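Each chain is listed here by its residues.
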Amino acid sequence: MKIVIIVPTYNENENIGRLVAELECRFQVIATHEMHILVVDDNSPDGTAGTVREMQKNNARLHLLTGAKAGLGAAYIRGMRHAVDVLGADVVFEMDADFSHKPEDVSRLLAAIEAGADFAIGSRYVPGGKIPENWGLLRKSISRYGNVVARYLAGLYRIRDCTAGFRAIRSRVLKQINLDDLKVQGYAFQIALLHKAIVQGAKVKEIPVEFVDRTQGSSKLGLKDIREFMLHALMIRFDDSRSFIKFSIVGATGLVVNLGCFGLLLGFGMNKYLASPLAIELSILWNFFLNNLWTFRAREVLFKISTRGVIFNLVSLLALCLSFSTFLVLNHLFPNVLPYVHQIVSVVPAVVVNYFLNSRWTFRETKKTAPGEEVPS
Ligand code: GDD
Ligand code: MN
């Protein structure tokens, strides 16, 4: 496979030469793959690019992109597009220039990809992973809380180290993501890309690594990055909740349809025991069509409409049973509370289960070209 290690740099002249040399040494033991390095430098005033150009003279697998300073994320986006579209990489790496990520760990991440992962993370927060012992409280907190925000606010629960900057990613995952659409400039890129990869169904694997503190130069993480990171985590949460919000709105209109039809049918003189289930079924159908036309419109769904209709009805029936049993339990536990309260509260689990099952089952998406299934070249 063709592997491109992307190293973004801003004022890393003291590190970049040594890093390239050390990576080259390590590459000798990864002889089965074609290893390249792509440095993405933002016109560092300290002459980082000059050092790389000098080394390029006797290294055809060392590449350089230069440009105006626009942030870590912007640099990675440029670098990944170049690695995939121009260099034709099968796998790209993210790696810092300051030796925080050990060159010898490159082969460990690569092994995870070879074993079937699409997205391998050099993780500090799985057993065996480490952060520098000399990190101050502030640096530790930024890293810790950054991950708490990513996991619980943005919803990336399953991943322990969401902000890691040492990762190996299969190009086919990147090809399914519109990198220009990530809308991130700085360090928020790490969670933005991870989130998109998970949505695409990428197989993520965390490999424990020891993160070493830099000895040369200084960190570029600033307040602006932290602000962008928080905003982006919120945006991910909102994006993911959007279909749930739409589904709930549809449900509320369904309630109006239910009562309206019930009233109309009674007005036409229909027996109430017939009018009630008929009104319920009409509202279920109403909800079904609105969810088709609006909530899940963007989905390429697996089942044909008649099958979806049947499943939707089944799920509604289940939600009804759930709601009614909650009602019975609440009545039993709190006999002195108004039955209206029980009735309202019992709607909650029904809505959640209703959404969950319809989203996962009724409106299930056709399988995308599953990233794990292609035969690696
Ligand atoms: N081209 C470019 N442009 N490179 C940049 C920029 C930029 O605006 N900002 C930072 N870099 C480069 C640095 O030169 C370095 O090679 C790498 O990106 C990481 O930057 P550091 O400044 O050393 O980051 P850090 O040590 O604070 O953060 C590390 O840990 C974070 C999580 O705690 C990185 O691994 C981050 O990616 C990670 O999110
Ligand atoms: Mn660093």
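Residues numbered from 1 in each chain as written. Chains lettered and ligands numbered in written order. Predicted model: local features only at pLDDT ≥ 70, side-chain atom pairs only at ≥ 80, totals over all residues. Heavy atoms only, no water.

**A closer look at the site of ligand 1**
Okay, so step 1: Residues in contact with ligand 1 amount to 25 residues; listed here are only the nearest, E12, K69, D96, S219 and K220.
Okay, so step 2: With respect to ligand 1, the side chain of D96 contributes an N or O atom lying 2.5 Å from an oxygen atom.
Okay, so step 3: Contacts to ligand 1 include A97, whose backbone N or O atom sits 2.9 Å from an oxygen atom.
Okay, so step 4: Against a free-state accessible area of 750 Å², the protein chains account for coverage of 97% of ligand 1. (Near = heavy atom within 4 Å. Polar contact = N/O pair within 3.5 Å; in protein donor to acceptor, adjacent residues only side chain to side chain. Areas by Shrake-Rupley, 256 points an atom, 1.4 Å probe, with all protein chains shown as cover.)

**Topic: the pairing of strand 2 (residues 34-41)**
Okay, so step 1: Judged by how many residues are buried, strand 2 sits mostly within the fold: seven of eight residues are covered.
Okay, so step 2: Pairing analysis gives eight bridges linking strand 1 (residues 2-9) to strand 2, with the strands arranged parallel. Residue K2 lies in a different strand from strand 2, and its bridge partner there is E34.
Okay, so step 3: Pairing geometry for strand 2 and strand 3 (residues 62-66), over five bridges, is parallel. The residue of strand 3 that forms the bridge with V40 is L65.
Okay, so step 4: Each parallel crossover has a hand, and the one from strand 2 via helix 2 (residues 48-56) to strand 3 is right-handed. (Buried < 20%, exposed > 50% of the residue type's maximum accessible area, 1.4 Å probe, protein only. Helix = DSSP H or I, 4+ residues; strand = E, 2+ residues; numbered from the N terminus. Pairing = 2+ DSSP bridges. Right-handed = clockwise from strand over helix to strand, strands pointing away.)

**Remarks on the pairing of strand 4 (residues 91-94)**
Okay, so step 1: Along strand 4, one buried face is formed by V91 and F93 and the opposite face, lined by V92 and E94, is buried too.
Okay, so step 2: With four bridges connecting them, strand 1 and strand 4 associate as parallel partners. By the bridge assignment, I5 is partnered in strand 4 with F93.
Okay, so step 3: Bridge analysis of strand 4 against strand 6 (residues 167-170) gives four bridges, and the strand direction is antiparallel. Opposite F93, over in strand 6, you have A168 as the bridge partner.

**Here we look at the nonpolar core**
Okay, so step 1: Counting 42 residues, the largest nonpolar core has I6, M80, V92, L182 and L193 as the members making the most contacts within it.
Okay, so step 2: Elements with a minimum of two residues in this core: strand 1, strand 2, helix 3 (72-86), strand 5 (119-123), helix 5 (137-153), helix 6 (171-175), helix 7 (189-199) and helix 8 (223-267).
Okay, so step 3: A per-element tally of this core places helix 3 first, with seven residues.
Okay, so step 4: In this structure M80 touches I6, V92, E94, I169, L174, L179, F189 and L193, once residues within four positions along its chain are discounted. (Core = buried A, V, L, I, M, F, W, Y, C linked by side-chain atoms within 4.5 Å. Contact = heavy atoms within 4.5 Å.)

**Brief notes about unusual backbone geometry**
Okay, so step 1: Here N11, not a glycine, exhibits a phi torsion of approximately 55°, which is positive.
Okay, so step 2: Among the secondary structure elements, N11 is positioned in the loop between strand 1 and helix 1 (13-27).
Okay, so step 3: Since its relative accessible area comes to 24%, N11 is described here as partly exposed.
Okay, so step 4: For N43, which is not glycine, the phi torsion reads 45° and is therefore positive.

**Side note on a nonpolar patch on the surface**
Okay, so step 1: A surface patch of nonpolar side chains, amounting to about 890 Å² of accessible area, comprises F238, I245, I249, L278, L282, L285, F289, L293, W294 and I305.
Okay, so step 2: Mapped by element, the contributors of at least two residues to the nonpolar patch are helix 8 and helix 9 (272-295).
Okay, so step 3: In terms of residue count, the dominant contributor to the nonpolar patch is helix 9 (six residues).
Okay, so step 4: Secondary-structure assignment places F238 in helix 8.
Okay, so step 5: Owing to a relative accessible area of 45%, F238 belongs among the partly exposed residues under this scheme. (Patch = residues over 30% accessible without salt bridge, like charges linked within 9 Å, V, L, I, M, F, W, Y side chains within 5 Å. Salt bridge = Lys/Arg side-chain N within 4 Å of Asp/Glu carboxyl O.)

**Some remarks on the sheet that holds strand 5**
Okay, so step 1: Reading across from one edge, 3-2-1-4-6-5-7 is the order of the seven strands in this open sheet, with mixed pairing throughout. Every interior strand has two partners, whereas the edge strands, strand 3 and strand 7 (204-208), have only one. Mean inter-strand twist for the sheet, computed between neighbouring axes without regard to direction, equals 20°.
Okay, so step 2: Taken strand by strand, helix 2 contacts strand 1, strand 2 and strand 3, and its axis lies near 150° from that of strand 3.
Okay, so step 3: Across the sheet, helix 3 lies against strand 1, strand 2, strand 3, strand 4 and strand 6, angled at about 155° from strand 1, the strand it touches most. (Axes fitted to C-alpha atoms, helices over the stretch in contact; angles between N-to-C directions.)

**Overview of the domain arrangement of the protein**
Okay, so step 1: The domains assigned to the protein are domain 1 (2-221) and domain 2 (241-362).
Okay, so step 2: In this structure, domain 1 and domain 2 have C-alpha centres spaced 47 Å apart. (Domains from an automatic or database assignment.)

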